[in-house]
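Below are the chains, spelled out letter by letter.
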Amino acid sequence: MKHVFKMIVLISFLLSCKQEPTVAQEVVSSATVTNKDKLSDYLNELEKSGFSGSVLVAQKRKVLLEQGYGYSNRERKTNSTSETVFDIGSITKQFTGAAILKLEMQGKLSVEDNLSKYIANVPDDKKDITLHHLLTHSSGFQSAIGDDYEDISTQEFIEEAFKRKLVFRPGTKYTYSNVGYSFLGIIIEKVSGMSYEEYLMKHLWKPSGMHQTGYKKPLFKDIAVGYRKNKHWGKPTDKKWGVDGPYWHLKANGGVLSTTQDMYKWHQALLGDKILDATAKTKYYGKHIEEGEGAGSYYGYGWAIFPTPRNTELIAHNGGNGIFFADMWRYLDEEITIIIMTNAVDRKFENITSQIAGILLKPDFKPTVNKQSKGTIIGETADQLVDEFMKTIHQNDQDIWKSFIENRMTQMFKNSFSMQRHLAMFKQLHEDLKGGKIVQIMVKENEVALGVETKTGVEQILFDVTPNTKGELRIEGIR
């Protein structure tokens, strides 16, 4: 399950917002009615531009907006609602993190335990990996080792992961790893004696009042059909799954199905101590490791934590697979919750959450609806982009990175991060890809995918691109 690179979240309005916490609270309180109208107007315009999905916005523990947009099934013209079920992608990781902490509360494990306590025949280079390392993407495991829907047994998954070299020594760096979270799912099953879904259903979802969340056990009312570049992709449950949900390339790191309603119930349950006690939540939201050098954001146990200019924190996570995309933001101090889900991924819709936050946090903020980019991608322009990218990323030179960012990214993507965070992303790419050779380039509609063979295996990079008026490609996103 792919995680959108470095989480496209702290957009420019958040970086420039300078209100003091008390002022922000007063503004939010006095503008609630107006904000509700602004939210409705903005999302109605998004729907007209092609957005389909479900959005829930809450403030001061009151739901301001809870509505579906577009179709959950275009062929049948089924309208999306707040009860429509979507694939929430890597937001799944917050459930895995909570389940591990729940088992720790029950005295069945410790996050400081070594992986070798639960998995047999751990290679020497991986014996120092702890559950904490797995939870914080600091284990050294690669991001992924197989396709989301590949049929693979538990033992086959373990053996495949163990034969791969670690990207770094455990606990020394951060690299987002779905593999690590799948190992956590395997440990949950071993320790609890239940399937991953059964344990979460019993100890997390049912106590939270969530009845439309899971893999296969819920009686889902309406599962959204996914669309990729306007082409029918199908429902996640139509894909190749095992008897208890996805196989281990996806299970526990992504792929859980849910609704905006259920995810808001989850948010509410986490505010109390029904699911996790205070000690567990300190670990859950802890700023354990920076998401790359100079990133400014930190990873907890299934959540990313961002500082705001108001001396508060944004606790968030998103997830997607190129078809479905979901985003969940929680400003616990300011009591704002934003949850969005869509069944038709488009780069122009991935900043919806930040636009909504702008409406709530800045009285003079005017949300924008980005227009669909047009143009045709040809192999020659894709080759030029890839060649320039590889020459750039092989060099450990921030000035060269800056030049590439300025010349090869769309204005929207450049503004999605501060330059500091862009450079942190490029530093990570440099570390991952240096010395690598391109073994595959694929061009499809508005995407350019390349495979780069490195010392640790083949890394997959996906660019969302759009041609400018001269036909030159500009990057809208990197995954």
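Notes on the structure follow. For every chain, the first residue of the written sequence is number 1, and numbering continues from 1 onward in sequence order. A pLDDT threshold of at least 70 governs which residues receive local features in this predicted model, and a stricter bar of 80 or more applies before side-chain atom pairs are shown or counted, although totals over entire chains, interfaces and linings include all residues. As a rule here, side-chain values come from all non-hydrogen atoms in the structure, and water together with hydrogens is ignored.

## A short note on the pattern of salt bridges
The working definition used for a salt bridge is a side-chain nitrogen of Lys or Arg within 4 Å of a carboxyl oxygen of Asp or Glu. The final tally for this structure, using the stated rule, is 21 salt bridges. A salt bridge links E160 to R164, with the shortest nitrogen-to-oxygen separation between them at 2.8 Å. Residue exposure (1.4 Å probe, protein chains only): buried if accessible area is under 20% of the type maximum, exposed if over 50%, otherwise partly exposed. E160 sits in the buried class, given a relative accessible area of 19%. Note that R408 and E388 form a salt bridge whose closest N and O atoms lie 3.0 Å from each other. With R408 in helix α13 (residues 398-408) and E388 in helix α12 (residues 379-393), the pair connects residues that are 20 residues apart, well separated along the chain. Judged by relative accessible area, E388 falls into the partly exposed class, the value being 28%. Here the salt bridges share partners, and the residues they tie into one network are K60, R61 and E335. Secondary structure elements are defined from DSSP: runs of H or I of at least 4 residues count as helices, runs of E of at least 2 residues count as strands, and each element is numbered from the N terminus.

## Topic: unusual backbone geometry
Phi angles above zero are rare outside glycine, and K60 is one such case at about 55 degrees. Here K60 is to be found in the loop between β1 (53-59) and β2 (62-69). Although it is not a glycine, N311 sits at a positive phi angle of roughly 60 degrees. Residue placement: N311 occurs in the loop between β11 (304-307) and β12 (313-320).

## What about the environment of V369?
If you trace the backbone, V369 turns up in the loop between α11 (352-361) and α12. V369 sits in the partly exposed class, given a relative accessible area of 22%. Once the C-alpha coordinates of V369 and L46 are considered, the two residues, 323 residues apart in sequence, prove to be 6.3 Å apart. Not counting the four nearest positions on each side in its chain, V369 is found in contact with Y42, E45, L46 and S49. Note on contacts: a residue pair is in contact if any heavy atoms of the two residues lie within 4.5 Å.

## Side note on the pairing of β12
Among the eight residues in β12, seven count as buried, and that is most of the element. Two strands pair if DSSP finds at least two bridges between them. Count of turn residues in the β11/β12 antiparallel hairpin: five residues, of which N311 carries a positive phi of about 60 degrees. Pairing of β12 with strand β13 (residues 325-331) involves six bridges; the strand directions are antiparallel. Paired with G319 across the two strands is A326, which belongs to β13. Where β12 hands over to β13, the hairpin turn is made up of four residues, of which G322 adopts a positive phi near 90 degrees.

## Observations regarding the sheet that holds β12
On the basis of which strands lie adjacent, the open sheet formed by eight strands has the order β2-β1-β14-β13-β12-β11-β10-β9 and antiparallel pairing. Sheet topology places β2 and β9 (289-290) at the edges, where each strand pairs with a single neighbour. Relative to strand β10 (residues 298-299), β9 is paired through two bridges, and the arrangement is antiparallel. From the neighbouring strand, I289 faces β10, where its bridge partner is Y299.

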